[in-house]
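Commentary on secondary and tertiary structure
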Amino acid sequence: MPIAETIAIGTELLLGEIQDTNTHFIALQLRNAGIDFYRATMLGDNPGRIAKAVKEAATRADIVITSGGLGPTVDDPTREAIALAAGVELEFHEELWNQVQDRFRRYGRKPTENNRRQAYIPRGATAITNPVGTAPAFYIEIDGCIVVSLPGVPRELETLLVDTVIPLFHDRFHLKAVLRSVVIHAATAGESQIDEWVADLETGANPTVGLLAHPGITDIRITARADSEEEANHMIAGLREEVIKRIGQSYFGDDETTLEQVVNQMLADKDMRAFILLNGFDRTFETRIEKLEPRQIFVFTSTEDNPSSPELEIARTSGYEIIIRADLFKMTDQTNLAFTFITPEEEKSITRSHGGHPELAQTWAENMLLDFIRRYLYNKNNRQE
């Protein structure tokens, strides 16, 4: 299986002026094509540094993809840098210049003389026609490694990568293997606890298991490599069942499923509604819940400290089967969540503490409250059965 590296080019990336979304997209396409992606580099607009990075990457990888630096201005150095890395001169291509001019004419514009720079590519390189932009891309072989230079404009890069570059890799490397992944979500069980439950599974070579922690949620990613999508999915299925068995009630869904979606659906299935009165929170929880349809959860953010606020009293008499009054107390070394959970069966008060970064505390608290409802409904359903 070929090994790939990427080099994102642009001083604006290093200055934090724009975000590098291209590497993320490239990573997904490489994964889907069954190509191992080992390293991502980010460099400024310096031809010498770029050339050095490309030469070094070519000694480690079978594929190097650069993004950015193919524009018409002086600070677009990728063409020069790749030529330097390959030990060749830049070469003018009349057909590329015609493509650039045709592109401008299509929009009723005339190219300036510096656009002519885009028709130069390293000698021996193969041009990649860009149907959605003015910057032609290209690829060249350096020390047995195929180096592909793509424009930095995301729409252009995505089109060229999917339509031309990935098929090129399939032909060149006779790709058969596919990579498939599933992400399993676990709530209110920390990363260390999940790790203890699945540690032995994390040592496997194929499929692989990895963990990623979020505030109040831990993701377990399973990735399988196989000769077909069907085989990869089969490999994932057995391991997924084992992971879910081990994490028990912490499991609430896969991939794009969110905790609020699960809780809202569980309430809808039982024709129940939940009211959550918040104090010490901002309004992001309300925004998060507003997307749900049909909406079974109502969130009200109060600035009052009185637990017997009018909103809570209205909820008590308005047919809500679950009522929560939650207070978030942010201190210097930790954040405390205190909430009262009211159902037809009982009323109880709970306190939890968050020792992580204060900026993450509210998301953690939101997930704690949602998961408390989820576990109540889960247990209620099991008792009824």
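Thresholds, definitions, all that
- Residues numbered from 1 in each chain as written.
- Predicted model: local features only at pLDDT ≥ 70, side-chain atom pairs only at ≥ 80, totals over all residues.
- Heavy atoms only, no water.
- Helix = DSSP H or I, 4+ residues; strand = E, 2+ residues; numbered from the N terminus.
- Rg over C-alpha atoms; globule rule 2.2 N^0.38 Å.
- Buried < 20%, exposed > 50% of the residue type's maximum accessible area, 1.4 Å probe, protein only.
- Contact = heavy atoms within 4.5 Å.
- Lys, Arg positive; Asp, Glu negative; His and termini not counted.
- Charge placed at Lys NZ, Arg CZ, Asp CG, Glu CD.
- Salt bridge = Lys/Arg side-chain N within 4 Å of Asp/Glu carboxyl O.
- Pairing = 2+ DSSP bridges.
- Axes fitted to C-alpha atoms, helices over the stretch in contact; angles between N-to-C directions.
- 1 Å grid on protein atoms, 1.4 Å probe; cavity = no way out; pocket = protein on both sides within 12 Å on 5 of 7 lines; lining within 4 Å.
- Points joined across faces, edges and corners; volume = space filled by probe spheres on them.
- Core = buried A, V, L, I, M, F, W, Y, C linked by side-chain atoms within 4.5 Å.
- Parallel < 35°, antiparallel > 145°, perpendicular 65-115°, else oblique.
- Left-handed = near helix turned anticlockwise from the far one by under 90°.
- Nonpolar A, V, L, I, M, F, W, Y, C, P; charged D, E, K, R; others polar.

**Some words on the overall build of the protein chain**
- Of regular secondary structure, the protein chain possesses 12 helices and 17 strands.
- Its C-alpha atoms give the protein chain a radius of gyration of 27 Å, more than 25% over the compact-globule value 21 Å for 385 residues.
- Taken along the three principal axes of its C-alpha coordinates, the protein chain extends 80 × 45 × 40 Å.
- Out of the 385 residues belonging to the protein chain, those deemed buried represent 48%.
- Within the protein chain, counting contacts between residues at least 6 apart in sequence, those at least 24 apart form 66% of the total.
- Looking at charge distribution, the protein chain has the averaged site of its 39 positive side-chain charges lying 2 Å from that of its 59 negative ones.

**Things to note about the pattern of salt bridges**
- Under the definition given, this model contains 17 salt bridges.
- Two residues, arginine 180 and glutamate 229, come together in a salt bridge whose shortest N-O distance is 3.6 Å. Remark: glutamate 229 occurs in helix H8 (residues 229-247) and arginine 180 occurs in strand S9 (residues 178-187); sequence separation between them is 49 residues.
- Taking the relative accessible area as the measure of exposure, glutamate 229 reaches 44% and is therefore partly exposed.
- Across the pair lysine 348 and glutamate 346 runs a salt bridge, and its minimum N-O distance is 3.7 Å.
- The exposure class of glutamate 346 is partly exposed, given its relative accessible area of 37%.
- Within the structure, one salt-bridge network assembled from shared partners comprises Glu5, Arg39 and Arg60.

**A closer look at the sheet that holds strand S8 (residues 145-150)**
- The sheet built from 6 strands is open, its strands ordered S2-S1-S3-S8-S7-S6 with mixed pairing. The open sheet terminates on both sides in strands that have one partner only, identified here as strand S2 (36-43) and strand S6 (126-128). Neighbouring strand axes in the sheet, compared pairwise and without regard to direction, differ in orientation by 20° on average.
- Here S6 pairs with strand S7 (residues 137-142) via 3 bridges, running antiparallel. If you follow alanine 127 over to S7, its bridge partner there is phenylalanine 138.
- Set on the sheet, helix H3 (residues 47-60) makes contact with strand S1 (3-9), S2, strand S3 (63-67), S7 and S8; between it and S1 the angle comes to about 170°.
- Strand contacts of helix H4 (residues 78-86): S1, S3, S7 and S8, with the helix running at about 15° to S7, the strand carrying the most contacts.

**Looking at the layout of surface pockets**
- Here the largest pocket is characterised by a volume of approximately 410 Å³.
- What lines the largest pocket is a set of 29 residues, among which Gly68, Gly69, Pro151, Gly152 and Val153 lie closest to the centre.
- Taken as a whole, the second largest pocket holds about 330 Å³ of empty space.
- Residue lining of the second largest pocket: 16 residues in total, with Ala27, Arg31, Ser181, Arg221 and Thr223 positioned closest to the centre.
- Breaking the lining of the second largest pocket down by element, the ones donating at least two residues are helix H2 (22-33), S2, S9 and strand S11 (217-226).

**Describing the nonpolar core**
- In terms of nonpolar packing, the biggest core is built from 35 residues, with Ile322, Leu337 and Leu369 touching the most fellow members.
- Of all the secondary structure elements, the ones that give two or more residues to this core are helix H9 (259-269), strand S13 (274-279), helix H10 (284-290), strand S14 (297-302), strand S15 (322-330), strand S16 (335-342) and helix H12 (358-384).
- Per-element accounting of this core gives the leading share, 9 residues, to H12.
- Aside from chain neighbours lying at most four places away, what touches leucine 337 is Phe281, Ala326, Asp327, Leu328, Ile350, Thr351, Arg352, Trp364, Ala365, Met368 and Leu369.

**Topic: the side chain of aspartate 36**
- Inspection of the secondary structure puts aspartate 36 in strand S2.
- For aspartate 36, the contacting residues outside a window of four places in its chain are Met1, Pro2, Ile3, Ala4 and Arg225.

**Considering the packing of helix H7 (residues 191-198) against H8**
- The N-to-C vectors of H7 and H8 enclose an angle of 120°; their axes lie 9 Å apart at closest approach. The pairing of H7 with H8 is recorded here as oblique in orientation. For H7 against H8, the interelement crossing comes out right-handed. Two secondary-structure elements touch here, H7 through Ile194, Trp197 and Val198 and H8 through Val243, Arg246 and Ile247.
- Of the residues that constitute the contact of H7 with H8, the class distribution is 5 nonpolar, no polar and 1 charged.

Spatial relationships are all this shows, so hold off on functional conclusions.
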